[in-house]
Amino acid sequence: DSNDARRAADVIGIPFYVWDLSDRFHEDVVEDFLAEYAGGRTPNPCLRCNEKIKFAAVLERGLALGFDAVVTGHYAQLRTGADGLIEMHRAVDHGKDQSYVLGVLDQQQLAHSLFPLGDSTKADVRLEAAERGLLVADKPDSHDICFVADGDNAGWLREKLGEKAPNHGGDIVDESSGEVL
């Protein structure tokens, strides 16, 4: 992915930086994902990644380097309300909308974020990418959890959590009353 991004940056003539945030990603996203599942909850690692990595760690570094904002390929739109607050809105392409994973961003983060794809359809973005000669124009969409390479989320969770993994069978019990449901 970083090679694809580097080539795209070269084609459109913008600087390209690589920062190794793997330790922070592992702690803030992967470990959180495991802990939430072990606790019987269903986490959204994309939401956590946006919150802790893209719009905390990356934005912090970008601002420290003198950049004004983080620009991403998220399909979402920002608008400023009559009260001056920045509002998150759905993308024009409702099938690709990602505003739901950006709902954790605060006003400071939103003030330094740009989502230029929010008013476009995925088909239009792919067409423009192809016209610009970007090899990613035909890259398949990702649908799985990025850190589960084979897409077998349940198997990955069983491997990582062992006996702490939920769904080993047994009764479902109401925690407060002890009643078997």
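Note: the structure precedes this text.
Residues numbered from 1 in each chain as written. Predicted model: local features only at pLDDT ≥ 70, side-chain atom pairs only at ≥ 80, totals over all residues. Heavy atoms only, no water.

**Student:** So what exactly am I meant to see when it comes to the overall build of the protein chain here?
**Tutor:** Across its full length, the protein chain carries 6 helices and 4 strands. Traced from its N-terminal end to its C-terminal end, the protein chain shows the element sequence α-α-α-β-β-β-α-β-α-α. Each of the three principal axes of the protein chain carries a C-alpha extent, and together these read 60 × 45 × 35 Å. Taking all 181 residues of the protein chain together, 28% fall into the buried category. Sequence-distant contacts, at least 24 apart, represent 59% of the contacts inside the protein chain between residues at least 6 apart. Roughly 11800 Å² of accessible area belongs to the protein chain as shown, and the carbon and sulfur atoms make up 50% of that amount. (Helix = DSSP H or I, 4+ residues; strand = E, 2+ residues; numbered from the N terminus. Buried < 20%, exposed > 50% of the residue type's maximum accessible area, 1.4 Å probe, protein only. Contact = heavy atoms within 4.5 Å. Areas by Shrake-Rupley, 256 points an atom, 1.4 Å probe, with all protein chains shown as cover.)

**Student:** Just checking my understanding: could you explain the packing of helix 2 (residues 22-38) against helix 3 (residues 45-64) for this structure?
**Tutor:** Two quantities define a packed helix pair, namely the angle between the axes and the distance from one axis to the other. Their axes nearest at 9 Å, the elements helix 2 and helix 3 cross at an angle of 160°. In terms of axis orientation, helix 2 runs roughly antiparallel to helix 3. The hand of the helix 2/helix 3 crossing is right-handed. Contacts between helix 2 and helix 3 involve Arg24, Phe25, Asp28, Val29, Asp32 and Phe33 on the former and, on the latter, Pro45, Arg48, Cys49, Lys52, Ile53, Ala56 and Ala57. Tallied by class, residues from the contact of helix 2 with helix 3 come to 8 nonpolar, no polar and 5 charged. (Axes fitted to C-alpha atoms, helices over the stretch in contact; angles between N-to-C directions. Parallel < 35°, antiparallel > 145°, perpendicular 65-115°, else oblique. Left-handed = near helix turned anticlockwise from the far one by under 90°. Nonpolar A, V, L, I, M, F, W, Y, C, P; charged D, E, K, R; others polar.)

**Student:** Please explain the environment of Val101 as it appears in this structure.
**Tutor:** Examined against the element boundaries, Val101 turns out to sit in the loop between strand 3 (86-90) and helix 4 (107-111). Given a relative accessible area of 5%, Val101 falls into the buried group. Once residues within four sequence positions are removed from consideration, Val101 is found in contact with Asn44, Cys46, Leu47, Asn50 and His74.

**Student:** Is there a simple way to think about the nonpolar core in this case?
**Tutor:** Membership of the largest hydrophobic core comes to 16 residues, with the highest contact counts inside it found for Phe25, Phe147 and Trp156. When neighbours within four sequence positions are excluded, Trp156 is seen to be in contact with Val30, Phe33, Leu34, Phe147 and Val148. (Core = buried A, V, L, I, M, F, W, Y, C linked by side-chain atoms within 4.5 Å.)

**Student:** Mind showing me how you'd approach the pattern of salt bridges here?
**Tutor:** When the charged atoms of two side chains lie near each other, side chains of opposite charge can form a pair. All chains considered together, the criterion is met by 13 salt bridges. A salt bridge links Arg24 to Asp28; the nearest nitrogen and oxygen atoms lie 3.1 Å apart. Taken together, the residues Arg24 and Asp28, both in helix 2 and 4 residues apart, mark about one turn of the helix. Among the ionic pairs, Glu128 bridges to Arg132, the shortest N-O distance being 3.2 Å. Residue Glu128 is classed as partly exposed on the basis of its relative accessible area of 41%. A residue is classified by how much of its surface remains accessible, and Arg132, at 48% relative accessible area, is partly exposed. In this structure, a network of salt bridges that share partners links the residues Asp1, Asp4, Arg7 and Lys139. (Salt bridge = Lys/Arg side-chain N within 4 Å of Asp/Glu carboxyl O.)

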